[in-house]
Amino acid sequence: MPKVVDHALRRRQIAEAVHRLIDAHGIDGVSLREVAAEAGVSMGLVQHYFTTKDEMLLLAMDHLHLRITERIGEVHGTPREILRAGILELLPLDEARRTEARIGMAYLARSVVADDLAEVLRNGLPFVLGFYASVIRAVRPDLDAEQEASALFAMAQGLVHPALIGHYSPRAVETIVDRYLDRLLD
């Protein structure tokens with residue numbers, strides 16, 4: 001009887017290996033061979049799914065976005081609580097999010113010279129901004145929700161690097177976000 005293969009599970013396994021390599025060595029440490037070794041699978045299996053490093057990077061980036069989106073989708077509460085959680089999920093406040101932020105920074109740096117990664121990031125941004133704008137619109141219909149969402153996103157992204165290098169503690173980051181939301185939504 002033929003073996004049943006869970007292709008989604010295999011892709012997730014490979015994506016997680018890519019993330020571990022990026023976190024440990026940066027994007028330059030990712031190769032089909034290194035990913036196969038990290039995932040504990042054969043080089044042939046990795047090549048079955050991907051012919052290039054960039055294809056693997058795109059899959060792994062999608063996997064990262066999906067994981068974050070799922071966590072945000074699990075948040076319940078007031079619009080402010082949901083918006084706050086959506087912002088904090090993107091910030092390096094614990095080891096898991098620090099790892100994701102380091103990986104995200106590596107993708108961002110590569111996207112400057114890799115059009116396919118840049119396109120994925122560009123295409124994803126309207127979803128984040130739309131999420132922020134929908135909450136702002138619900139709480140403060142008197143504001144230009146799209147402009148405020150852009151400013152909120154820029155503020156939050158501006159916290160990533162300083163938090164990663166230890167300039168801001170996780171508590172300081174939360175305080176900055178809370179003060180911004182207080183001014184925006186109250």
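As a reminder, the structure under discussion sits directly above these lines.
The rules behind the values
Along each chain, numbering runs from 1 in the same order as the chain's sequence is written. The model is predicted, so local features are restricted to residues of pLDDT at least 70 and side-chain atom pairs to those at 80 or more, both for listing and for counting; the totals for chains, interfaces and linings are taken over all residues. With hydrogens and water stripped out, all remaining heavy atoms of the structure feed into the side-chain values. Strands are runs of DSSP state E lasting at least 2 residues, helices are runs of H or I lasting at least 4, and numbering of each runs from the N terminus. By definition, residues are in contact when any of their heavy atoms lie within 4.5 Å. Partly exposed residues are those whose accessible area sits between 20% and 50% of the maximum for their type, while under 20% is buried and over 50% is exposed, using a 1.4 Å probe and protein chains only. As used in this record, nonpolar core signifies buried Ala, Val, Leu, Ile, Met, Phe, Trp, Tyr and Cys residues forming a set joined through side-chain atoms within 4.5 Å. Working definition: rings of Phe, Tyr and Trp (its six-membered ring) pair if their centres are within 6.5 Å, and the pair is stacked with planes under 30 degrees apart, edge-to-face with planes over 60 apart, and tilted otherwise. Axis definition: a line fitted to C-alpha atoms, over the contacting stretch in the case of helices. Angles run 0 to 180 degrees between N-to-C directions. Roughly parallel covers angles under 35 degrees, roughly antiparallel covers those over 145, roughly perpendicular covers 65 to 115, and oblique covers all other angles. Polar here means any residue outside two lists: the nonpolar Ala, Val, Leu, Ile, Met, Phe, Trp, Tyr, Cys and Pro, and the charged Asp, Glu, Lys and Arg; Gly therefore counts as polar. The rule for a salt bridge is simple: a side-chain nitrogen of Lys or Arg has to be within 4 Å of a carboxyl oxygen of Asp or Glu.

## Things to note about the side chain of R97
Right, on to step 1. Relative to the elements of secondary structure, R97 occurs in helix α6 (residues 95-111).
Right, on to step 2. With near-sequence residues (within four places) excluded, R97 lies in contact with R71, L88, E89, L91 and P92.

## Some remarks on the environment of A109
Right, on to step 1. Its location among the elements puts A109 in helix α6.
Right, on to step 2. Judged by its relative accessible area of 51%, A109 falls in the exposed class.
Right, on to step 3. Considered as a pair, A109 and R11 are 98 residues apart in the sequence and their alpha carbons are 24 Å apart.

## Describing the nonpolar core
Right, on to step 1. Ranked by size, the top nonpolar core spans 28 residues in total, and within it V18, I22, M56 and Y107 carry the most contacts.
Right, on to step 2. Looking at this core, the elements with two or more residues in it are α1 (7-25), α2 (32-39), α3 (43-49), α4 (53-73) and α6.
Right, on to step 3. Of all the elements, α4 adds the most residues to this core, at seven residues.
Right, on to step 4. Setting aside anything within four residues of it in sequence, one finds Y107 in contact with V18, H19, I22, I27, L57, A60, M61, L64, L117 and L121.

## Concerning the packing of aromatic side chains
Right, on to step 1. Scanning the model with the defined rule gives two aromatic pairs in all.
Right, on to step 2. For the pair F131 and Y132, a centre-to-centre distance of 5.9 Å together with 50° between the ring planes defines the contact as tilted.
Right, on to step 3. With a relative accessible area of 1%, Y132 lands in the buried category.

## Things to note about the packing of α4 against helix α7 (residues 115-139)
Right, on to step 1. α7 packs onto α4 with a crossing angle of 10° between their chain directions and a minimal axis gap of 10 Å. With respect to each other, α4 and α7 are oriented roughly parallel. Note on element contacts: α7 touches α4 through D116, L117, V120, L121 and F131, opposite D54, L57, L58, M61, D62, H65 and I72.
Right, on to step 2. Looking at the contact of α4 with α7 residue by residue, the class counts come to eight nonpolar, one polar and three charged.

## What to know about helix α5 (residues 79-88)
Right, on to step 1. Listing the buried residues of α5 in full gives L83, A85, G86, I87 and L88.
Right, on to step 2. In this structure, the buried side of α5 is in contact with α4, α6, α7, α8 (145-164) and α9 (170-185).

## Notes on the pattern of salt bridges
It is possible for side chains bearing opposite charge to pair when their charged atoms get close.
Right, on to step 1. Applying the stated criterion across every chain yields a total of 14 salt bridges.
Right, on to step 2. For R71, the salt bridge identified is with E89, shortest N-O distance 2.5 Å. Note that R71 is positioned in helix α4 and E89 in the loop between α5 and α6, a separation of 18 residues in sequence.
Right, on to step 3. The shortest N-O distance in the salt bridge between E174 and R171 comes to 3.5 Å. In this pair, E174 and R171 both sit in helix α9, three residues apart, roughly one turn of the helix.
Right, on to step 4. Ionic contacts of the salt-bridge type, sharing partners, join the residues R67, R71, E89 and E100 into one network.

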